[in-house]
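# Tertiary structure, described
Below, each chain spelled out in residue letters.
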Amino acid sequence: VTHCIGEKNPHGIKDVCEEYGVEKSVSQKLCDFVQVYGKGEEVFSKLRALSCTAEMEKAVSELEEIYEMLSFTPLKDKINFDFSIVNDMSYYNGIVFCGYTEKIPSRVLSGGQYDFLMKKMKRNKKAIGFAVYLDLLKDDPAPDPAPEPVKPSKEDPEKDDPTDYKEKYQTLLK
């Protein structure tokens, strides 16, 4: 099924589910799931509609929290969700992510959560890591300029300071 999800192949998903006796309603939810992609606000309502367990609801809530933390950065409008990205699920056990630039057709950053690896190392810790493919970036003739930071308002410079992530992050954790 993971292979079919990675290909966004609903027919393959249905075939595998049928072969293993998975209920049609569950099979359909999987097919609908791989079609969920886009901006955060658009995606979360679709995910909630597909959630059928408390564990799924918890996963959606965690993803919303991560998105909310990232939304304080100037890159908010560049964040897209695509649930067909599966990477190596024997290595990763949670969120997986990729990074792209406009002029390079393949991913230039790849990573995710790999708590299982930590357990193999006899450490009871969570871990997230990523790799940047510098060999691909060196071929980009004109890299995109860094986004301009959001300027604080003139009335109250402290109020709108986007660099005050720590305070905003702490507020989210409460």
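For the structure given in this document, a descriptive report is provided here. Nothing here was measured: the structure is a model prediction, and the numbers come from that model. (Residues numbered from 1 in each chain as written. Predicted model: local features only at pLDDT ≥ 70, side-chain atom pairs only at ≥ 80, totals over all residues. Heavy atoms only, no water.)

### Some points on the overall build of the chain
So the rule is basically this: Here a strand is any run of E in DSSP of at least two residues, a helix any run of H or I of at least four, and the numbering for each starts at the N terminus. A 1.4 Å probe rolled over the protein chains alone gives each residue an accessible area, and that area as a share of the maximum for its type sets the label: buried under 20%, exposed over 50%, partly exposed in between. Between two residues, a contact is recorded if the distance between any of their heavy atoms is within 4.5 Å. Here the Shrake-Rupley method, with its probe set to 1.4 Å, supplies the accessible areas, and only the displayed protein chains count as covering residues.
Secondary structure summary: the chain contains 8 helices and 5 strands in total. Put simply, the chain runs from its N terminus to its C terminus through helices and strands in the order α-α-α-β-α-α-β-β-β-α-β-α-α. Taken across its 174 residues, the chain has 24% of its residues classed as buried. Within the chain, contacts between residues at least 6 apart in sequence are counted, and of these 41% link residues at least 24 apart. If you sum the accessible surface of the chain, you get close to 12500 Å²; carbon and sulfur atoms cover 57% of it.

### Looking at the nonpolar core
Short version of the rule: Nonpolar core, defined: a set of buried Ala, Val, Leu, Ile, Met, Phe, Trp, Tyr and Cys residues in which side-chain atoms within 4.5 Å join the residues together.
Among the nonpolar cores identified, the biggest contains 11 residues, and these are V36, V43, F44, L47, L50, V60, L63, Y67, I79, F81 and F83. Going through the elements one at a time, α4 (40–50) and α5 (54–70) are the ones with two or more residues in this core. Among the elements that take part in this core, α4 stands out by supplying 4 residues, more than any other. Apart from the residues within four sequence positions on either side, L63 is in contact with F44, L47, F81, F83 and I95. C4, C17, C31 and V86 belong to the second-largest nonpolar core, a separate cluster that totals 7 residues.

### Some remarks on the packing of α4 against α5
As a reminder of what qualifies: A fitted line through C-alpha atoms serves as each axis, taken over the contacting stretch for helices, and the angle formed by two N-to-C directions is quoted from 0 to 180°. By the definition adopted for this analysis, an angle is roughly parallel if under 35 degrees, roughly antiparallel if over 145, roughly perpendicular if from 65 to 115, and oblique otherwise. Each residue gets one label: Ala, Val, Leu, Ile, Met, Phe, Trp, Tyr, Cys and Pro are nonpolar, Asp, Glu, Lys and Arg are charged, and the others, such as Gly, are polar.
For the pair α4 and α5, interaxial distance at closest approach is 9 Å and the crossing angle is 170 degrees. Here α4 is positioned roughly antiparallel relative to α5, judged by the angle of their axes. When α4 is examined against α5, the residues G40, E41, F44, L47, R48 and L50 are found in contact with a partner set consisting of M56, E57, V60, S61, L63, E64 and Y67. Counted by class, the contact of α4 with α5 contains 7 nonpolar, 2 polar and 4 charged residues.

### A short note on the pairing of strand β3 (residues 96–101)
Convention followed: By definition, two strands form a pair when at least two bridges between them are found by DSSP.
Sheet topology note: the β3/strand β4 (residues 104–113) ladder contains 5 bridges and is antiparallel. Each residue of the ladder has a partner; that of V96, found in β4, is G112.

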